[in-house]
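Letter by letter, the chains look like this.
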Amino acid sequence: MHVVVCVKQIPDPAVPGALNADHTLKREGKPILDESDSYGVEMALQLVDAAGGGEVTLISMAANEETAGLRTALAMGAAKAVLVSDPACAGSDALGTAKALAKAVERAGSVDLVLTATESSDGYTGTVPAQMAELLGWPALTFAKKVDIADGTVTIQRQTEAGYDTVQASLPALVSVTAGVVEPRYPSFKGIMAAKNKPVDICTAADLGLDGQLGWAGARQTITNVENAPARQAGEKFEDDGTGFEKVVSFLENLKVI
Amino acid sequence: MFEWSEEHQMIRSAVREFVEKEVRPHREELEHGDMAPYELLRKLYKTFGLDVMAGASFDKRIAREEAAALAPMASASDDADGASEGSSGNAGMTMLPIIELCRCSPGMVTAMGVSVGLTAAAINGKGTIAQRKRWARDIATMEKIGAWAITEPNSGSDAFGSMQATARLDGDEFVLNGSKTFITNGPYADTIVFICKLDEGNPLNERRVVQFVLDAGMPGLEQSKPLRKMGMHSSPTGMLFLDDVRVGYDRLLGETLESFGGKAGREASKATFTMERTGVAAMALGIIERCLELCVPYAKERVQFGQPIGNYQLIQLKLANMEVARLNVQNLVFRVLEMSAAGKGMSLSEASAMKLYSAQIATQVAMEAVQLFGGNGYMAEYEVEQLARDAKVLQIYAGTDEIQITHIAKALLA
């Protein structure tokens, strides 16, 4: 079984982020693997194991040829990676990204399943998985908290507010997984040492037949402004005159917790 | 080498994450002696595939030696390959877990190092292939825990001179007697290398030093409960008592009395001392890094006399000295890695110099960290107090400062 996982290399969240004048995120310094993608990588490795063979391919997009984040996922056990890397990628909107990643999936060869996170930790649009599935012409199964594959069919538990729905589709398909679908493994030392020699196929927009469709040139959305999220409101304060518990109970009742 | 490579950085961040998630939540239990470190160490080994790697490398080496024994002509070049393969490029993989564990619980490194380092090295250095397969492999993979028993109540730095533990031949068996103390892993060890003198009716100072491998639970062998110590609480230390423990030649390392002494034996001991001493430099680096990591934000946040204490030059001096120490010790560790990658062995004198400096400076840094934290620093709640107690032993074990000085001076004056 051949599983592709979309992974994003993002600026380290531990370092304070900064924006460019055009409102895009500054992507300087060494990027790391988006933690929300590590769940997809782990899921893919487990599915290939359960299938008794196959391999995991990573796909990613970056404006420069940065691979530091990819190496982490390769160290976990992915076999190879396709990196769409082109200065022309800078400024891509979600649809542009989905186009590039869908083409990269085709470049990766015969693929049974594509896994993605539900959204990236730096952009948070959450639209790329569905757009990719549409471009590939495959079913999109989103927000999976459990994934099973049997007889050419993928079955997921789709997280809902009330619980979960069971959703099924034939392969090939695209599944977005939530954090917590599986516990990501630590890369072994052997895996880390092996990662540097694993193949990373670096291709440009032109290689994918997407000349002029990525980056600012292809973007249909513009960022007009960026504002700080409103500060959290201070809570209500009550002096406990012996009946404080009633306030707590009615507060919890309002939340429908009790 | 002036910085960690990309692979090293990946190893470091993976181990750091493991330590934060799996070890730090247990720091209190480890500190108060309610928890032995072995399950956490095994988890570390398993998580990063160190158990599998150690097992495979052990099997490979044994297979090569067995093949060499059958075809002695080929053995010389094979040995050369083996020596370089064991160390080159891998030194970082050994050093980084030491550094990272020391940022939280330095005692865990002591427990690990004495088992997979000293005890396995002693068996591999002197043992026959059969003995190595029987005991050393399981220790290398952390399946079993090893202890290396040399120190006695009346013999510390003068380990061999004042050693009183004895082995006496009785037919085909040896009868072992004596007591050992300050034995790391002693309370819980599965496998113990017991060092003693062969009593052939000759005077004490003429007796040969011999080593035996013992298993926990043998009749006549008693392992004490952990001793209370100043620091390194995550490393259980105990006493061993041997009362007429009877063993055959199969437990005598080398399986013949002729295998002891001579140049080869001394070289093996020196290699072990060098490994141990360079390991202490890595431990010191972990402690110093952690002290700085705790002190810098504290200096920025702690306000006295209306301003952050980091504005005061006396505090700045402490931080600057810590940074100088960090750079120096890191450079020493880099040198170990570079030499190892180049296939060059470090002299015992240089390893001693490295250990002397690293141990002293780590203790100084940790004590200054306590001082920088003031009253808070003296409280157990603030980690620097633990690091200061832990660091002190680096000046005492693996050869005291004073012993390191004699080794350095001996080489200089030779």
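Because the structure is a prediction, the values reported are computed rather than measured. (Residues numbered from 1 in each chain as written. Chains lettered and ligands numbered in written order. Predicted model: local features only at pLDDT ≥ 70, side-chain atom pairs only at ≥ 80, totals over all residues. Heavy atoms only, no water.)

**Observations regarding the nonpolar core**
Put simply, the test is: In plain words, nonpolar cores are sets of buried Ala, Val, Leu, Ile, Met, Phe, Trp, Tyr and Cys residues tied together by side-chain atoms within 4.5 Å. When a residue's accessible area, from a 1.4 Å probe over protein chains only, is under 20% of the maximum for its type it is buried; when over 50% it is exposed; and in between it is partly exposed. Strands are runs of DSSP state E lasting at least 2 residues, helices are runs of H or I lasting at least 4, and numbering of each runs from the N terminus. How far each domain reaches was decided by an automatic or database domain assignment. Throughout, a residue-residue contact means that at least one pair of heavy atoms, one from each residue, lies within 4.5 Å.
Judged by nonpolar contacts, the single largest core of 114 residues is most densely connected at L58, L115, V147 and V175 of chain A. By residue number, the principal contributor to this core is helix α9 (residues 262-301) of chain B, which donates 13 residues. A domain-level breakdown of this core finds at least three residues from each of domain 1 (6-144) and domain 3 (263-413) of chain B. Residues contacting L115 of chain A, with those up to four places away along its chain left out, are V3, V4, V5, C6, G40, M43, A44, L47, V175 and V177 of chain A. Within the second largest apolar cluster, 28 residues are counted, among which are C89, A94, L208 and L214 of chain A.

**A closer look at the interface of chain B and chain A**
Here is the rule: Once two parts are joined, some of their accessible surface, as seen by a 1.4 Å probe, is lost; buried area is that loss totalled over both. A carboxyl oxygen of Asp or Glu within 4 Å of a side-chain nitrogen of Lys or Arg is what we treat as a salt bridge. Between N or O atoms, a polar contact is any pair within 3.5 Å; within protein, one atom must be a potential hydrogen donor and the other a potential acceptor, and residues adjacent in sequence are included only when both atoms are from side chains.
With 18 residues of chain B at the contact, the number on the chain A side is 13 residues. For the chain B and chain A pair, buried surface summed over both sides reaches about 1400 Å², with 73% attributable to carbon and sulfur atoms. Among the residues chain B hides against chain A, the three largest losses belong to E7, M10 and F48 of chain B. Together they make up 40% of the total. Put simply, chain B and chain A have one salt bridge between them. For the pair chain B and chain A, the interface holds two residue pairs in polar contact (both at pLDDT 80 or more).

**Focus: the domain arrangement of chain B**
What the domain assignment lists for chain B is domain 1 (6-144), domain 2 (149-262) and domain 3 (263-413). Averaged C-alpha coordinates put domain 2 of chain B and domain 3 of chain B at centres separated by 31 Å.

**Side note on the packing of aromatic side chains**
Definition in use: Classification of ring pairs uses Phe, Tyr and Trp, with its six-membered ring standing for Trp, and accepts pairs whose centres are within 6.5 Å; under 30 degrees between planes counts as stacked, over 60 as edge-to-face, and the remaining range as tilted. Definition used: whenever NZ (Lys) or CZ (Arg) falls within 6 Å of the ring centre and also within 35 degrees of the ring normal, the charge is taken to sit over that ring.
Applying the stated criterion across every chain yields a total of 10 aromatic pairs over all chains. On the basis of an interplanar angle of 20 degrees and a centroid distance of 4.0 Å, the ring pair of Y298 of chain B and F373 of chain B is categorised as stacked. With Y298 of chain B in helix α9 and F373 of chain B in helix α11 (residues 348-378), the pair connects residues that are 75 residues apart, well separated along the chain. Each member of the pair, Y298 of chain B as well as F373 of chain B, carries the same accessibility label: buried. Three or more aromatic residues joined by ring pairs make a cluster, and in this case those are Y186 and F189 of chain A together with F18 and F48 of chain B. Between R277 of chain B and the ring centre of F273 of chain B, over which it is positioned, the NZ or CZ distance is 5.1 Å.

**Examining the environment of L285 of chain B**
All names here are of chain B. Checked against the element boundaries, L285 lands in helix α9. The spatial distance from the C-alpha of L285 to the C-alpha of I99 is 6.3 Å, given a sequence separation of 186 residues. In contact with L285, other than residues within four places in its own chain, are I99, R326, V329, Q330 and V333.

**Focus: the pairing of strand β2 (residues 166-170) of chain B**
Residue and element names in this part refer to chain B. Put simply, the rule is: Two strands are counted as paired when DSSP detects at least two bridges linking them.
Pairing of β2 with strand β3 (residues 173-184) involves five bridges; the strand directions are antiparallel. Along β3, the bridge assignment pairs D170 with E173. Bridge count between β2 and strand β4 (residues 191-198): two bridges; the pairing is parallel. Looking at β4, one finds that T166 is bridged to K197.

**Here's the deal with the sheet that holds strand β7 (residues 140-150) of chain A**
All names here are of chain A. Which entries qualify depends on this criterion: As a rule, the C-alpha atoms of each element are fitted with a line to give its axis, helices using only the stretch in contact, and angles between N-to-C directions run from 0 to 180 degrees.
In spatial order, the strands read β9-β8-β7-β10-β6-β1-β4-β5-β11; together these nine strands make up an open sheet with mixed pairing. Of all strands in the sheet, those with a lone pairing partner are β9 (164-170) and β11 (200-203), marking the two edges. On average, each strand axis in the sheet is tilted by 30 degrees relative to the strand beside it, whichever way the strands run. Pairing between β7 and strand β8 (residues 153-159): six bridges, direction antiparallel. Residue D148 lies in a different strand from β8, and its bridge partner there is T155. Against the sheet, helix α3 (residues 94-107) engages β1 (2-6), β4 (55-62), β5 (80-85), β6 (113-117) and β11, with an angle of about 145 degrees to β4.

**Quick word on the environment of A140 of chain A**
Residue and element names in this part refer to chain A. Position of A140 relative to the elements: it lies in strand β7. Taking relative accessible area as the criterion, A140 reaches 39% and is therefore assigned partly exposed. For the pair A140 and N254, spaced 114 residues apart in sequence, the C-alpha separation works out to 36 Å. When residues no more than four places from it in sequence are discounted, the contact partners of A140 are A133 and L174.

**Concerning the packing of α11 of chain B against helix α13 (residues 401-413) of chain B**
Packed helices, taken two at a time, are described by the angle their axes make and the gap between the axes. Residues and elements named next belong to chain B. Here is the rule we go by: Take the far helix as the reference: if the near one is turned anticlockwise from it by less than a right angle, the crossing is left-handed, and if turned clockwise, right-handed.
At a closest axis distance of 8 Å, the pairing of α11 and α13 adopts a crossing angle of 145 degrees. In this structure, α11 meets α13 at a crossing whose hand is left-handed. Facing L348, S349, S352, A353, K355, L356, A359 and Q360 of α11, the residues of α13 in contact are D401, Q404, I405, H407, I408 and A411.

**Quick word on unusual backbone geometry**
Most of the time, phi is negative for any residue but glycine, and the peptide bond is trans. In this chain, L171 of chain A is followed by P172 of chain A through a cis amide linkage whose omega measures 0 degrees. Secondary-structure assignment places P172 of chain A in the loop between β9 and β10 (173-177). Residue D151 of chain A is not a glycine yet carries a positive backbone phi of 50 degrees. Tracing the chain through its elements places D151 of chain A in the loop between β7 and β8. A positive phi angle is found at D244 of chain B, which is not glycine, with a value near 50 degrees.

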